[in-house]
Amino acid sequence: MNSSTPEPLVLLRRYRGITALVAAAVFIRLSGLSEWWLNPDEGIYYSLITRDSFDGFWTEVLANAHPPLYYMLLRALGSFTWDFSFLRAFSVVWGAAGMVGIWAVARLLATPTPSEHAATEASVIEGAAVDSHGRASSDEGSADEGSSVAVGAGFIAAFIVAFAPTPVQMSQVMRPYAFQTALLAWALFCLLIHLREPSARRLAAYLSLTCLALLTHYSSVLALGAFGIVVLLDGAQHGFGRTAWRKLAAWHLVPAALVVGLYLFHLRPLAASALADEALDGWLLPFMIQSPADVWMSLLGYQHHLAGPWLRGPLALLFLGAVGLAMYRRDLRVVGVGAGAVLVAMVAAALGAYPFGSTRHAAWVSVFVVPGPRWFVATARAAASAAPGRRSPLE
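Here the structure is a predicted model, which is why all the values come from computation and not from measurement.

## Looking at the overall build of the protein chain
Then, in step 1: What the protein chain contains, in helices and strands, is 20 helices and zero strands.
Then, in step 2: Here the contacts in the protein chain between residues at least 6 apart in sequence split such that 75% fall between residues at least 24 apart.
Then, in step 3: Accessible area of the protein chain: about 19,000 Å², with a carbon and sulfur share of 66%.

## Some details on helix 11 (residues 200–214)
Then, in step 1: In this model helix 11 runs 21 Å from its N-terminal to its C-terminal C-alpha over 15 residues, within 8% of the 21 Å that 1.5 Å per residue would give.
Then, in step 2: Where helix 11 is concerned, the buried positions are Leu203, Tyr206, Leu207, Leu209, Thr210, Cys211, Ala213 and Leu214.

## Notes on helix 17 (residues 312–328)
Because an α-helix packs 3.6 residues into every turn, residues spaced three or four apart end up facing the same way.
Then, in step 1: Counted at 1.5 Å a residue, the expected span for helix 17 with its 17 residues is 24 Å, and the 24 Å between its end C-alpha atoms agrees.
Then, in step 2: Listed as buried for helix 17 are Leu315, Ala316, Phe319, Ala322, Val323, Leu325 and Ala326.
Then, in step 3: With its phi angle positive at about 55 degrees, arginine 330 sits one or two positions after the end of helix 17.

## Concerning the pattern of salt bridges
Then, in step 1: Per the counting criterion, the structure on display carries seven salt bridges.
Then, in step 2: Residue arginine 51 pairs with glutamate 60 through a salt bridge whose shortest N-O separation is 3.5 Å.
Then, in step 3: For arginine 51, a relative accessible area of 35% gives the class partly exposed.
Then, in step 4: Take glutamate 60: its relative accessible area is 31%, and that puts it in the partly exposed class.
Then, in step 5: The residue aspartate 331 makes a salt bridge to arginine 333 at a minimum N-O spacing of 3.2 Å.

## Here we look at the environment of glycine 101
Then, in step 1: Tracing the sequence through the fold places glycine 101 in helix 6 (residues 84–109).
Then, in step 2: Once the C-alpha coordinates of glycine 101 and alanine 187 are considered, the two residues, 86 residues apart in sequence, prove to be 8.8 Å apart.

## So, the packing of aromatic side chains
Then, in step 1: In this structure the tally under the stated criterion is 17 aromatic pairs.
Then, in step 2: Between the aromatic rings of tyrosine 70 and phenylalanine 90, the centroid separation amounts to 6.1 Å while the plane-to-plane angle is 45 degrees, which identifies the pairing as tilted. Placement of tyrosine 70 in helix 5 (residues 69–77) and of phenylalanine 90 in helix 6 is noted, with a sequence separation of 20 residues between them. Side by side, tyrosine 70 and phenylalanine 90 carry an identical accessibility label, which is buried.
Then, in step 3: Ring geometry for phenylalanine 227 and phenylalanine 368: centres 5.4 Å apart, planes at 50 degrees, overall tilted. Residue phenylalanine 227 is located in helix 12 (residues 220–238), and its partner phenylalanine 368 is located in helix 19 (residues 366–369); the two are separated by 141 residues in the primary sequence. In this structure, phenylalanine 227 and phenylalanine 368 share a single accessibility class: buried.
Then, in step 4: Grouped by ring-pair contacts, the aromatic residues Tyr45, Tyr70, Tyr71, Phe90, Trp94 and Phe179 constitute a single cluster.
Then, in step 5: Taking NZ or CZ as reference, arginine 75 lies 4.7 Å from the ring centre of phenylalanine 57, over its face.

## A look at the nonpolar core
Then, in step 1: Formed by 91 residues in total, the largest nonpolar core has its most connected members in Met174, Tyr206, Trp364, Val365 and Phe368.
Then, in step 2: When residues in this core are grouped by element, the largest group, twelve residues, is from helix 10 (residues 177–196).
Then, in step 3: Methionine 174 has contacts with Leu38, Glu42, Tyr45, Tyr46, Ile49, Tyr70, Leu74, Phe84, Leu87, Arg88 and Ser91, leaving out every residue within four places of it along the chain.

## Let's talk about the packing of helix 16 (residues 292–307) against helix 17
Then, in step 1: One can describe the packing of helix 16 onto helix 17 by two numbers: an axis separation of 8 Å at closest approach and a directional angle of 115 degrees. By crossing handedness, the relation of helix 16 to helix 17 is classed as right-handed. Along the contact surface, helix 16 presents Trp296, Leu299, Leu300, Gln303, His304 and Ala307, while helix 17 presents Arg312, Gly313, Leu315, Ala316, Leu317, Phe319 and Leu320.
Then, in step 2: Classifying every residue of the contact of helix 16 with helix 17 by side-chain character gives nine nonpolar, three polar and one charged.

## Overview of unusual backbone geometry
Then, in step 1: Within the chain, arginine 330 stands out as a residue other than glycine whose phi angle is a positive 55 degrees.
Then, in step 2: With respect to the helices and strands, arginine 330 occurs in the loop between helix 17 and helix 18 (332–350).

## A few points about the confidence of the model for the protein chain
Then, in step 1: The share of residues in the protein chain with pLDDT of 70 or more is 82%, and the mean pLDDT across the chain is 84.
Then, in step 2: Per-residue pLDDT, averaged within each element of the protein chain, yields its smallest value for helix 7 (residues 114–126) (47) and its largest for helix 11 (98).
Then, in step 3: Long-range and interchain partners of residues 117–145, a stretch whose pLDDT sits below 50, account for 18 contacts in this model, where long-range means more than four residues apart.
Then, in step 4: Residue range residues 390–395 is modelled with pLDDT below 50. Its contacts to residues more than four positions away, or to other chains, number 21 contacts.

## Considerations on the side chain of arginine 75
Then, in step 1: Within the fold, arginine 75 resides in helix 5.
Then, in step 2: The buried charged residue arginine 75 lacks any salt bridge partner; its closest oppositely charged side chain belongs to aspartate 52, at an N-O distance of 7.1 Å.
Then, in step 3: If near-sequence neighbours (up to four positions away) are discounted, arginine 75 is found in contact with Ile49, Thr50, Arg51, Asp52, Ser53, Phe54, Phe57 and Trp82.

## A look at a nonpolar patch on the surface
Then, in step 1: Among the surface-exposed residues, Phe27, Ile28, Phe155, Phe159 and Phe163 lie close enough to one another that they form a single nonpolar patch of about 480 Å² accessible area.
Then, in step 2: When contributions to the nonpolar patch are tallied by element, the ones reaching two or more residues are helix 2 (16–30) and helix 8 (141–163).
Then, in step 3: Tallying contributions element by element places helix 8 first for the nonpolar patch, with three residues.
Then, in step 4: Along the chain, phenylalanine 159 turns up in helix 8.

Thresholds, definitions, all that
- Residues numbered from 1 in each chain as written.
- Predicted model: local features only at pLDDT ≥ 70, side-chain atom pairs only at ≥ 80, totals over all residues.
- Heavy atoms only, no water.
- Helix = DSSP H or I, 4+ residues; strand = E, 2+ residues; numbered from the N terminus.
- Contact = heavy atoms within 4.5 Å.
- Areas by Shrake-Rupley, 256 points an atom, 1.4 Å probe, with all protein chains shown as cover.
- Expected span 1.5 Å × (residues − 1).
- Buried < 20%, exposed > 50% of the residue type's maximum accessible area, 1.4 Å probe, protein only.
- Salt bridge = Lys/Arg side-chain N within 4 Å of Asp/Glu carboxyl O.
- Phe/Tyr/Trp six-rings, centres within 6.5 Å; stacked < 30°, edge-to-face > 60°.
- Lys NZ or Arg CZ within 6 Å of the ring centre and 35° of its normal.
- Core = buried A, V, L, I, M, F, W, Y, C linked by side-chain atoms within 4.5 Å.
- Axes fitted to C-alpha atoms, helices over the stretch in contact; angles between N-to-C directions.
- Left-handed = near helix turned anticlockwise from the far one by under 90°.
- Nonpolar A, V, L, I, M, F, W, Y, C, P; charged D, E, K, R; others polar.
- pLDDT = per-residue confidence, 0-100.
- Lys, Arg positive; Asp, Glu negative; His and termini not counted.
- Patch = residues over 30% accessible without salt bridge, like charges linked within 9 Å, V, L, I, M, F, W, Y side chains within 5 Å.

Structure representation (structure tokens):
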């Protein structure tokens, strides 16, 4: 490539696949954005943010079941126009950002860590053999295989998020889920890349994005629990005594303190309200886990909500296959990201604290679950297409 080629064009050529998916996703989400009126939930948001006085607005925010950040952002956008299509477009932008974030997480999970790459190179050197022509065989394709797995995993994950019904719908309404998903996806990316190569900048980005997600929707508390599992498994695999790991663990006191503050000053009064009782004992009750059979049905329900009835079974089996393969390969990153989030979601549902299944309240889980099965498909495909004599990505 010509060295004089502008940097943006270089990036577009390098990432043309995800660029095309983002363009298609945005086009789908923008189409018909103003063709239907506000749904009841959007109507509550719109009525709240259009209050004449800030005092009236803030009083309503404190009486609402969600943290204040999303309302404040919508009210700030309303200083330009109160057109509801414009306010919905905010979700479109963040829906696209979340899709790119999940793509980045899937690619990162499928990319060997520096220590894994070094171990692979060492095993190749030690296991060098002589082929049928008397020549020393090599594993020159291993790097290409690893790259193809990462590219494939990222593209498949982004494709699902770009066209699956629920991510599309959540990116077309005036609700906080698309914004929350983007924050959590990039927080997870920053956490994973910090675990690979610790840096103060990555740690600060992870903590900032996590705190913003906590200020956006209370289901982010469960995501914080899933982040904690990822961190604990990393410590178990690479040692709890490392300075970088201890520093990361200690800095989790920041989002933990924010959770405590939100609970004391906002969530505790609401948790004891009639509205909370009506929700948990009423329309949210079917999404709680009340029997062993509900464990499987909740996973199916979540996949149904994500991609529809026809794909719920295959996607659930792919998820279990990804967890199984990751455990077989002792890839605790994939185990922690996917299985950790589902475990947290199911425990919360079993305790009757928060729903999991075919409900928008499980949107946060997509950040963790979507990359795993796509990693599985890309890894299995690379293994099947590996030429004889090459090391399989499954090994």
